[in-house]
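Residues per chain are reported as follows:
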Amino acid sequence: MKSEDNYQSLERTEVYFDLSDFFSFFWRKKLSIILLTLFLFVSGTLALNDMPKKYLATSIIKVSDSELSSGIQTPDISSIGFGSPSNKAVHIETLRSRKFLRVFADDYKLHLLPEFHLFKNTTESKASLDHTVEILREDLSVSSIANTDMLSLSFVAHDPEVAAYVANTISTAFFEFLKVQKREQATTQSKLLNEKTSRIFEDLVHSESLLQDFILTNNIVDLNVEMELLKRQLVSLIEKKALASEQIDDLKVKVKQLDEVGDNTNEKMQLPIIASNNQVRLLLSTIQQKRTIYQEVSQRYKYKHHRYQAAKSALELAENQLSETIDEIERVLEKELKSLQARLIKIDSQIESLRERQSSLGLLEIQLSNLTREVQRNQKLYSVFLSRVQEAEIFSTSSNQAEYVVVDEAKVPIRPSSPRMALSLIVLSILSFGISVALFLLQHLTHDSHTLYKRVAKQHGIAVLAEFPKKPALDLFKGKKKTAKLLQDSVRSFDTLISILTRDNSYKSFAFTSVKNDKAITDMAIRFASSHARIERTVLVEADLRNRPLSNQLMLDKEQKGITDLVNLNTPFSQASYQTENNKLTILSAGSLNVDATSFFAKEKFSEVMTKIRKAYKRVIVTTAPILESSDVFVVAKQTDALILFCDVEKTKVRGLMEALEQLSISKTFVLGVVLVNVPYVDK
């Protein structure tokens, strides 16, 4: 969390320091910036003077109302009923079309002018109509003047007279071209319209003939009246059918009642149809009288008496008449039922016949409607195309009238339109100054990027002990000897600074580490140790057991004894170490054993060995693993008096340096200073 806050604090202060640094840099380089700006400005001015001059001529024409109005337009069959694009926009596109420009260049022989020659100003210069058309398309500008019916025609040429000539003649050529096109178009469209009108007229006559034949064939006078009469007849028959059905149902009920009673006259007399009959009532009355007479006679006379026999015969005759009357009524009911049923069948037949007639009339009505619509459609089309033919004739007549007027002719230009010297010089001066500032600023940023690393170290209260320069990729100006001398001077200055800081012998042992794995730390450790070995007893210890960069660089044998053998196997120091050829520098490598670095450095024996080494030698240099890759450095650093941190400004980011310093601060490791490696060289 603290590292993040420090990093954000550095970003907040970075703007202030950068700006102040930039302003200081610009002040130092002000003369160089001014000279480079003047050089660029003079070079640009000379280039502008050598550029070919171009002249602009402009003419303004006004198109007549008849041309721009949409009232009378070129008839077009495909556009009937749809809108057409603006005529002004069409004119602009036509003016820039290759077809018109080719006609214009050919009619006015523009391709013969030197301005339009192919490979002009050379011995191979020649006239080319295609090349002339392309130049006209490129240099001709046509625009519409807002809220008016006027067009602005501009042409750019190297010859001012050619520019004015083209701007003035192109309008005349354009409208002559337009008139020819319109006459041809009007003739073509009139021919097409006449053919189309003739076909539509034939279709109209044919559809009328079909309609007439259909009416005569189907004997149609007034289809609507006939349909109405048919509907009325159908309604009347439906009403009759309903009445007959009701009567049949009533008779069926009565006949059923008579059938259920059978031959029992008394029960039949109870039925309404019998009881309500007048003749039956009269016979019942007669029977009652006869029965009364019979009863009186039977009381007075014996059954053999002639009066008794007469009264009895009269009564039986009346009863027989009643039975016959009832039977007659049954027969009449059955006859009437059959008659109504026959009538109902006849009515159904009539209704079915009327419905078939109604259906056929409906089909006839649909066919008649289709034929009528076809006739009406052909009549409308014929009227439309007939009016189009008349418009085409009017348009053909009006196309011969004048349709434009020149409002302002183009004058021969005096001053070139390109390049614009005043504006170009202003832009050139701004660009020259901007380029000069950008070049020197780029130089400053690329050669002074290590400033931010120095500021990080300063913020953590740690000094920058040395800055080792980077060897240039192309050392053309300085030379290899000068680069080697710069590196030697840097190493010498670093040794001198360490000697001054350790003059009172308070710092005898140093731990050399880096932010990330870097070969430079091994080189500097060997240089530093070799330098001190000339004047005092010095030992170089390799404590990076994972990478073993010292063993790899010195190309030591894998079986070479070292500190791991000294600690784990109690190997004598004379066998675990070896001296260089001049016997002044003692080197204690990692050794032949592969051990776990963390547990190895935690051993008490390692601490005892380091204590004996510090007592035996005046100067002890220990190389350790990178801080961001291993935590071994914090344990090893406790066995030394101070730690020196190496940072490669090309491979290590600022945030990596900050994290390394934060970890050292948390572990309370004393850091003597920071050494920056691969710093871009700036010749001061």
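Refer to the preceding data block for the structure.
Residue indices follow the written sequence of each chain, beginning from 1 at its first position. Per-residue local features of the predicted model are confined to residues with pLDDT of at least 70, and side-chain atom pairs are confined, for both listing and counting, to 80 or more; whole-chain, interface and lining totals are unaffected and use all residues. Just so you know, side-chain values use all the structure's heavy atoms and leave hydrogens and water out.

1. Concerning the overall build of the protein chain
Think of it this way: any DSSP run of H or I at least four residues long counts as a helix, any run of E at least two long counts as a strand, and we number them from the N terminus. Counting its regular elements, the protein chain contains 23 helices and twelve strands. Every residue pair with non-hydrogen atoms within 4.5 Å of one another is taken to be in contact. The contacts in the protein chain between residues at least 6 apart in sequence include a share of 80% that link residues at least 24 apart. Surface exposure of the protein chain reaches about 40,600 Å², of which carbon and sulfur atoms provide 54%. Note on areas: Shrake-Rupley with a 1.4 Å probe; residue coverage comes only from the protein chains shown.

2. Regarding helix H6 (residues 129-139)
The buried label applies to any residue whose accessible area, calculated with a 1.4 Å probe on protein chains only, is under 20% of its type's maximum; exposed applies above 50%, and partly exposed to all values in between. All of the buried residues along H6 are Thr132, Val133, Ile135, Leu136 and Asp139. With its buried residues spanning 165° around the axis, H6 presents them on a single face. Definition of a polar contact: a pair of N or O atoms within 3.5 Å, with one able to donate and the other able to accept a hydrogen when the atoms are protein atoms, and with sequence-neighbouring residues admitted only if both atoms are side-chain atoms. Near the N-terminus of H6, the side chain that reaches the backbone nitrogen of histidine 131, with its oxygen 3.3 Å away, is that of serine 128. The arc under discussion is defined with respect to the helix axis, by the directions toward the C-beta atoms.

3. Thoughts on the environment of phenylalanine 670
Secondary-structure assignment places phenylalanine 670 in the loop between helix H23 (654-666) and strand S12 (671-679). The class of phenylalanine 670 is partly exposed, set by a relative accessible area of 41%. Along the chain, phenylalanine 670 and leucine 643 lie 27 residues apart, while their C-alpha atoms are 6.2 Å from each other. Not counting the four nearest positions on each side in its chain, phenylalanine 670 is found in contact with Tyr507, Asp641, Ala642 and Leu643.

4. Examining the packing of helix H5 (residues 98-107) against H6
Where H5 meets H6, the axes come as close as 9 Å, and the angle between the chain directions of the two elements is 120°. Where H5 crosses over H6, the two elements pack in a sense that is right-handed. Each of Arg98, Leu101, Arg102, Phe104, Ala105 and Asp106 in H5 lies in contact with H6, whose residues at this interface are Leu129, Asp130, Thr132, Val133, Glu134, Leu136 and Arg137. Ten residue types, Ala, Val, Leu, Ile, Met, Phe, Trp, Tyr, Cys and Pro, are classed as nonpolar, four, Asp, Glu, Lys and Arg, as charged, and the remainder, Gly among them, as polar. Tallied by class, the residues present in the contact of H5 with H6 amount to six nonpolar, one polar and six charged. Here, axes are lines fitted to C-alpha atoms. For helices the fit covers the stretch in contact, and angles between N-to-C directions go from 0 to 180 degrees. Crossing chirality is assigned from the near helix's rotation relative to the far helix, an anticlockwise turn below a right angle marking it left-handed and a clockwise turn marking it right-handed.

5. Observations concerning the sheet that holds strand S11 (residues 642-648)
Any two strands between which DSSP finds at least two bridges are classified as paired. Within the open sheet, the eight strands sit side by side as S5-S12-S11-S6-S10-S7-S9-S8. Their pairing is mixed. Either end of the sheet is taken by a strand with one partner, and the two such strands are strand S5 (464-469) and strand S8 (578-579). Bridging between strand S7 (residues 538-542) and strand S10 (residues 619-623) involves five bridges; their strand directions are parallel. Across the sheet, leucine 540 pairs through a bridge with isoleucine 621, a residue of S10. Packed on one face of the sheet, H23 meets S11 and S12 and runs near 170° to S11.

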